[in-house]
Each structure stands twice: as structure tokens, then as C-alpha cells.
Amino acid sequence: MSEKLAPIPIILDCDPGHDDAIAILLAVQSPRIDLRAVTTTFGNCSIEDATRNALRILTLAGATNIPVARGAAGSLAGLSELGNYVHGPSGLDGPEMPEPGFRLSEKSAVELMHLVLESSDRPVTIVATGPITNVATLIQNHPEAVAKVAEIVFMGGSTERGNHTPTAEFNTYADPEALDIVITSGIPIRMVGLNLTHQALATPEVVARMQAMRHSIGRICGEWMGFFGSSYHAVWNFDSPPVHDPCTIAALIKPELITWQECFLAVETKGEWTRGTTVVDLHKRYRKSPNASVAMKLDTAGYWDLVLGAMDELGRRQ
Ligand code: RIB
Ligand code: CA
């Protein structure tokens, strides 16, 4: 008899954000995921908007039992590069959202992360889908907690070109020093970069499947894709938007959806034109030992079946 796998305990650190929102829905719905906490960071919008959006998304999902804590308003270097040009003034523009049905934790993001790690009976996976400032601060302030982290799966970087700049992806551009701390922490890391997430396009067929769902979650997700898609077309001339962040959660739920390559990974923190660029040594040119698993190939059909199946199941519960 196949043993029933225990749900994977995770902390989701995010900057919702349309694609973060779908990652939250996927994590809430999946029986393979034990969502212990959601922590927020600046990124797609201000920390205040990201935090309000996180509370609203969890309320929409009927998950008002998940603790939410506010995190960094800016990077370790004191900068706050924002992505409102993609996600709109609220960070989650498009459909009307329910007001938060529960209160924000009084703890900071790092305090909540530390509490979850220290009180867990087994190592916890940290999933980061925004600038990775909170995770780096956790590592700096609580080095003893590092042993309680099973792995860090982060959406960020790219083996190819960037998006926010020609070479740098937004999350890693927003706080490259934080990513460097994470990379050099010794915690096992998996990088889900643009080279992977650009395979996760919300095509018209995918959006039609959302709109065909007979509940508000399907309708809202379809409208999110409408707004997100219009930004991606205006800024990067994409026909369909890449739904980046749920790829990190999908990797945990169905590992077979993604193929990985063990590589040496570094992040540029000093380049005049290349700050925030991830350097992924796919061909061992530096002759350095691999320090990261890098996502390379996505089973796109399987990914959307998983994401849309979860979305529909969650919507039917409402
Ligand atoms: O570059 C894409 C990433 O930046 C995604 O995580 C998106 O939500 C933004 O945070
Ligand atoms: Ca994000």
C-alpha cells in the first residue's frame, strides 16, 4: 500500500501580486501542503498593500486561520523598488476583493518565521515569491534557526535574460544582497527563474478554463489574469502572462512537473548595469561546486491541470 505522504510544512513569503495570489490559493487548497504562515514583503507593491492583499486573498480562500505577518518595506540596502507598473496601484488591480476577515499578526514577518521554525516538530520549507529580504533577515538574526529550514524554494532570477532590467529579474533586482545571504547560508536552495516560469503562460485557453468555473474564485482569477496579461502585453509585448509564483508550490506538490539542474549560482551585487542578475553556471565554466538546484523544464499542461484543479476545488468549497 502506498504510504500516505505527510503534508509539507511551509512558510510562504510573498508580495501579492497577481501571481503570488494564485500561489497562495494553491498552497491553501493542496492536501500536500501544510501552510503554517504567510509573511509579506515589499515588491509588486508597497508592504502595506501587499499585506492587505494577503489578508484579502486568504479571506477569499476561506483560510482565515493562517497567520499573516508584515515584513520588509524595503531591501537590506534600504531601497524599495516596486512593481506597481505590472500589478497596478493596489498591487492586485482588477476585481473587487473581500475585506480581510481576520487580523494581522502583531509579530513581524521574521518573528513569525522564527516562531514557526522553533515550534515545528520537523524542518519547514520556506517558499519565497518576492524580494527575499525577510528570509535573509531571518538568517542574519536567528542563525540557530537555519537548521530548522528544510530548504528554500524561491521564485527569482533567470538562467537567461531578466525582466525588470535587461539582465535582472525583479525579485533578485529588488534585493540582491538578500539573495546573496540566502545563497551562501548553506540552506539547500531551489531557484525557479524566468527561464522556467515563462513556460507557465496563462493563455486564452487557460483563462477560459478559469472563467468557465461556476464560482467567484474562478471568476476573480480570470479577471486577475486579464489585468496581469494587459500589463505583460504593454511592457514586454507578451501575448499571455507568465504566472510565475505558483511554480514554486507546484514543485512541492508534484515534483515530477519540473526538471532541475544542479548548478553553481551567484548573484551580482556590484555591476553598474547588471546589479541583481543571477549568474547560473549551466556548463561548469567556473569549475565551482553546485550550490543550487535550478528549475529548467516545466510540464506546462500538468502545471495548469494542477493549478486549475486546485482553483476549482477551492471555489466549490465556498
Ligand atoms: O519577476 C517576477 C516576480 O516578481 C514574481 O514573483 C512577481 O510576483 C514579482 O514578485
Ligand atoms: Ca511575487
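Right, let's walk through the structure included here. (Residues numbered from 1 in each chain as written. Chains lettered and ligands numbered in written order. Predicted model: local features only at pLDDT ≥ 70, side-chain atom pairs only at ≥ 80, totals over all residues. Heavy atoms only, no water.)

**Comments concerning the overall build of the protein chain**
A tally of helices and strands in the protein chain yields 12 helices and 9 strands. Over its C-alpha trace the protein chain gives a radius of gyration of 18 Å, about what one expects of a compact globule, namely 20 Å for 318 residues. In the protein chain, 83% of the contacts between residues at least 6 apart in sequence involve partners at least 24 apart. Of the roughly 13000 Å² that the protein chain leaves accessible, carbon and sulfur atoms contribute 52%. Of the side-chain charges in the protein chain, 25 are positive and 36 negative, and the distance between the mean point of each set is 5 Å. (Helix = DSSP H or I, 4+ residues; strand = E, 2+ residues; numbered from the N terminus. Rg over C-alpha atoms; globule rule 2.2 N^0.38 Å. Contact = heavy atoms within 4.5 Å. Areas by Shrake-Rupley, 256 points an atom, 1.4 Å probe, with all protein chains shown as cover. Lys, Arg positive; Asp, Glu negative; His and termini not counted. Charge placed at Lys NZ, Arg CZ, Asp CG, Glu CD.)

**Topic: the packing of aromatic side chains**
Evaluation of the coordinates by the stated rule reveals 6 aromatic pairs. Where Y232 meets F238, the ring centres are 5.3 Å apart and the plane angle is 70°; that geometry is what we call edge-to-face. On the accessibility criterion, Y232 (3% relative accessible area) is buried. Arranged with centres 5.0 Å apart and planes meeting at 70°, the rings of Y303 and W304 form a pair that is edge-to-face. With respect to class, Y303 is no different from W304; both count as buried. A connected cluster of aromatic rings, assembled from ring pairs, spans Y85, F228, Y232, W236 and F238. Positioned over the ring face of W260 is R190, at 4.8 Å from the centre of the ring. (Phe/Tyr/Trp six-rings, centres within 6.5 Å; stacked < 30°, edge-to-face > 60°. Buried < 20%, exposed > 50% of the residue type's maximum accessible area, 1.4 Å probe, protein only. Lys NZ or Arg CZ within 6 Å of the ring centre and 35° of its normal.)

**Notes on helix 7 (residues 176–183)**
With respect to burial, helix 7 is a largely interior element, 6 of its 8 residues being buried. Burial in helix 7 covers these residues: P176, A178, L179, I181, V182 and I183. In this fold, the buried residues of helix 7 make contact with helix 5 (133–141), strand 5 (149–155), helix 6 (170–174), strand 6 (189–192), strand 7 (258–267) and strand 8 (278–281).

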